[in-house]
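A closer look at the structure
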Amino acid sequence: MFKVKRDIVLLCILIASVLASCKKGFEGTELGNVAPETYLVTDTIIRFGPDRLESEVVLKWWSDDPDGFVSGYEFTFDAEITEATIWTYTERQDSTFILAPPAGADSADFVFQIRAIDNFGSKDPSPARLVIPVKNSPPAAQFIPGLITPLKSFPVLKYFWSGSDPDGSDNLLRFEVCFNDTTSTPYILDKTVSSAIFEATEPGLDNMVCKVYQNAATLPNAETISGMLGNAWNTLYIRAVDQSLAASAYVAADSVFVKKVNSNVLMVNGYSTTTNESFYATQLINNGIAVFDTMQIFAQAGGLYTQQSADNITQAKVFDLFDLIIWFSNNADNSFSLAQKTTESFFNSGGKMLMSVYISSTFDPLSNFLDFTPIASLVNPVDTTLILDNGASLLPIDGGWPELQSTAIVGTVKPINLQIGAIPLYNAALTAKDNITLSLTPWTGVSTVMAKKTDISGNTNFVIATLELNKLDGLTNMDLLFEKVLTDEFGF
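Read on for a plain summary of the structure.

Thresholds applied
- Residues numbered from 1 in each chain as written.
- Predicted model: local features only at pLDDT ≥ 70, side-chain atom pairs only at ≥ 80, totals over all residues.
- Heavy atoms only, no water.
- Helix = DSSP H or I, 4+ residues; strand = E, 2+ residues; numbered from the N terminus.
- Rg over C-alpha atoms; globule rule 2.2 N^0.38 Å.
- Buried < 20%, exposed > 50% of the residue type's maximum accessible area, 1.4 Å probe, protein only.
- Pairing = 2+ DSSP bridges.
- Salt bridge = Lys/Arg side-chain N within 4 Å of Asp/Glu carboxyl O.
- Contact = heavy atoms within 4.5 Å.
- Axes fitted to C-alpha atoms, helices over the stretch in contact; angles between N-to-C directions.
- Parallel < 35°, antiparallel > 145°, perpendicular 65-115°, else oblique.
- Left-handed = near helix turned anticlockwise from the far one by under 90°.
- Nonpolar A, V, L, I, M, F, W, Y, C, P; charged D, E, K, R; others polar.
- Core = buried A, V, L, I, M, F, W, Y, C linked by side-chain atoms within 4.5 Å.
- Phe/Tyr/Trp six-rings, centres within 6.5 Å; stacked < 30°, edge-to-face > 60°.
- Lys NZ or Arg CZ within 6 Å of the ring centre and 35° of its normal.

1. Structural notes on the overall build of the chain
Each helix and strand in the chain was counted, giving six helices and 35 strands. Here the C-alpha atoms of the chain give a radius of gyration of 40 Å, more than 25% beyond the 23 Å that 2.2 N^0.38 yields for 492 residues. Its C-alpha atoms put the chain at 145 × 75 × 40 Å along the principal axes. A total of 492 residues make up the chain; the buried ones form 44% of that total.

2. Some points on the pairing of strand β28 (residues 393-396)
In the sheet, β28 pairs with strand β29 (residues 404-405) via two bridges, with the strands oriented antiparallel. In the strand pairing of β29, Leu-394 is matched with Leu-404. Relative to strand β31 (residues 423-428), β28 runs antiparallel, the two being bridged by three bridges. Within β31, the residue paired with Leu-394 across the bridge is Ala-428.

3. Describing the pattern of salt bridges
Here the structure, examined in full by the defined rule, presents eleven salt bridges. Residues Glu-199 and Lys-211 are paired through a salt bridge, measuring 3.9 Å at the closest nitrogen-oxygen approach. Of this pair, Glu-199 sits in strand β13 (residues 195-200) while Lys-211 sits in strand β14 (residues 207-214), placing them twelve residues apart in sequence. One salt-bridge network, in which partners are shared between bridges, spans Glu-74, Arg-115 and Lys-123.

4. A few points about the side chain of Glu-74
With respect to the element layout, Glu-74 can be found in strand β3 (residues 70-76). When sequence neighbours within four positions are dropped, the list of residues in contact with Glu-74 reads Trp-87, Thr-88, Tyr-89, Gln-113, Ile-114, Arg-115, Ile-117 and Lys-123.

5. Comments concerning the sheet that holds strand β4 (residues 88-90)
Strand order in the open sheet made by the four strands is β4-β3-β6-β7, with antiparallel pairing throughout. Across the chains shown, the open sheet's two edge strands, defined by having one partner strand only, are β4 and β7 (128-135). On average, each strand axis in the sheet is tilted by 30° relative to the strand beside it, whichever way the strands run.

6. Examining the packing of helix α2 (residues 277-286) against helix α6 (residues 478-489)
Axis separation between α2 and α6 bottoms out at 9 Å; the angle between their running directions is 65°. When the axes of α2 and α6 are compared, the pair comes out roughly perpendicular. Along this stretch, α2 crosses α6, giving a crossing that reads as right-handed. From α2, Phe-279, Tyr-280, Gln-283, Leu-284 and Asn-286 reach across to α6, where they touch Met-478, Asp-479, Phe-482 and Leu-486. Partitioning the contact of α2 with α6 into residue classes produces six nonpolar, two polar and one charged.

7. Notes on α2
Among all positions in α2, only Glu-277, Phe-279, Tyr-280, Ala-281, Gln-283 and Leu-284 are buried. On its buried face, α2 sits against β20 (265-269), β21 (293-296), β24 (324-329), β25 (352-357) and α6. Two residues or fewer past α2, Gly-288 is found with a positive phi of approximately 85°.

8. Describing the packing of helix α3 (residues 312-319) against helix α4 (residues 332-342)
Two elements in contact, α3 and α4, have axes whose closest approach is 8 Å; the angle formed by their N-to-C orientations is 80°. One finds that α3 runs roughly perpendicular with respect to α4. Between α3 and α4, the contacting residues are Asn-312, Gln-315, Ala-316 and Phe-319 on the first element and Leu-338, Lys-341 and Thr-342 on the second. Among the residues forming the contact of α3 with α4, the class breakdown is three nonpolar, three polar and one charged.

9. Overview of the nonpolar core
Counting residues in each nonpolar core, the largest one holds 40 residues, and the members touching the most others are Leu-388 and Leu-469. Where this core is concerned, the elements lending two or more residues are β20, α2, β24, β31, β34 (448-454), β35 (460-465) and α6. Per element, the largest residue contribution to this core is five residues, and it comes from α6. Those residues in contact with Leu-388 that sit more than four places away from it in its chain are Leu-394, Ser-406, Ala-408, Ile-409, Val-410, Val-413, Ala-428, Ala-429, Leu-430, Leu-467 and Leu-472.

10. A word on the packing of aromatic side chains
Evaluated as defined, the whole model comprises 29 aromatic pairs. Consider the rings of Phe-346 and Phe-347, whose centres lie 5.3 Å apart with planes at 70°: the pair is edge-to-face. A relative accessible area of 0% means that Phe-346 is categorised as buried. Residue Phe-347 is classed as buried on the basis of its relative accessible area, which comes to 15%. Note that Arg-115 overlies the ring of Trp-87, its terminal NZ or CZ placed 3.8 Å from the centroid. Lying over the aromatic face of Tyr-213, Lys-317 brings its terminal NZ or CZ to 3.8 Å of the ring centre.

11. Description of the environment of Asn-287
Positionally, Asn-287 belongs in the loop between α2 and β21. Here the alpha-carbon distance between Asn-287 and Asp-479, two residues 192 residues apart in the chain, equals 7.2 Å.

12. As for the pairing of strand β1 (residues 37-40)
Side chains Thr-38 and Leu-40 project from β1 onto a buried face, and the interleaved Glu-37 and Tyr-39 project onto a face without burial. In the sheet, β1 pairs with strand β2 (residues 56-64) via four bridges, with the strands oriented antiparallel. By the bridge assignment, Tyr-39 is partnered in β2 with Trp-62.

13. Structural notes on unusual backbone geometry
Positive phi values are uncommon outside glycine, yet Leu-438 reaches one of about 65°. If you trace the backbone, Leu-438 turns up in the loop between β32 (431-434) and β33 (440-442).

See below:
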């Protein structure tokens, strides 16, 4: 019994001793949060003259916090830290900076300071500091050729270009362009602009002011550019300017001869030569249209088109300069393809067109290039070729139109089926050749070779002939046909 009591007493003394010892281990003064310390990977940069860093600089940093962890950083480019210093927060440990020297200076020293922030919000009281010697390199600009670069054009031109900067693309500020005179006040374009259409506001003047459509904009910029010259060779110059206002040398685009617009009537010659222009010019003059403009739309030099615009949008703006287009060609593929892509705005704004385009045997009868015309499809009989003989008649469906007569043999004729609402004008007396037996018989099927369609107001805006009109003047009365089209149908 005595032994048990003694053991209990000893156990109590031992527990009291342990408790007394534990209490003594937690005694003392609690330490406060220790601020983090910030370090730059490079603490000194020594470079002079042309050996200075370029404006695009990559900086890296790290930090240490003895009693927690770092949650982020703040940096500034203020050389001296004051209460007014603005800090930029980041959680990154590296970044790329564009340090452009002040305008007019080609070099500068930038002071970068950064401080760590720990998980308690404490900030390094002694930020890491680095002086960065920077030099500026001038930018560069260059023109980029389009799919088509015209040598001759009416006053609607499109250009493409690009800019670069050795100090990084972000250091590029803007482009400056001018027509013909690099001493004139340049037109300013943002660095994000890589192309523009320049369209004359009054295309018949010697000295023109142009609206500017930037990139793919459908509306022009508020500011215009002057300096384009009518009936003269024109050169657009461009230069790049960087954040330090350092400018590249001007570079020149290929020169373009800009033709003044003299009238509201355009003859579009789709032949490879100017041979047939005199025929159509005579018909216009005989019908009182003595002044008109011309374009040889498929003219080439070195395999490249010389009078088409740089793209379809620009070509459409060229056609929009006119109210009446007389389009004649023996190349249906090229003519229908280009016209379909470039005349929608022309027709929507009230334009009227007479097309005389020969459709040969090679033209795809399923082509969708005919969608904008009065034609729905082509008559394409199986194993049969349709021929227009010399002296064959083309009879008007309406008695108010003159009878026509062929002056040449046309070896392949493609009559037309019409779209809903289109109106046939002429049927041709065709001969059908059986391609197997080679026998010839009069063709009794659809023989329409000329038709018209109207706009939403019911006014005729498109007359098309699928034979060349210059081969249909056997009765020397083509003046009457043009009078019917130009005066009675189009109101000219």
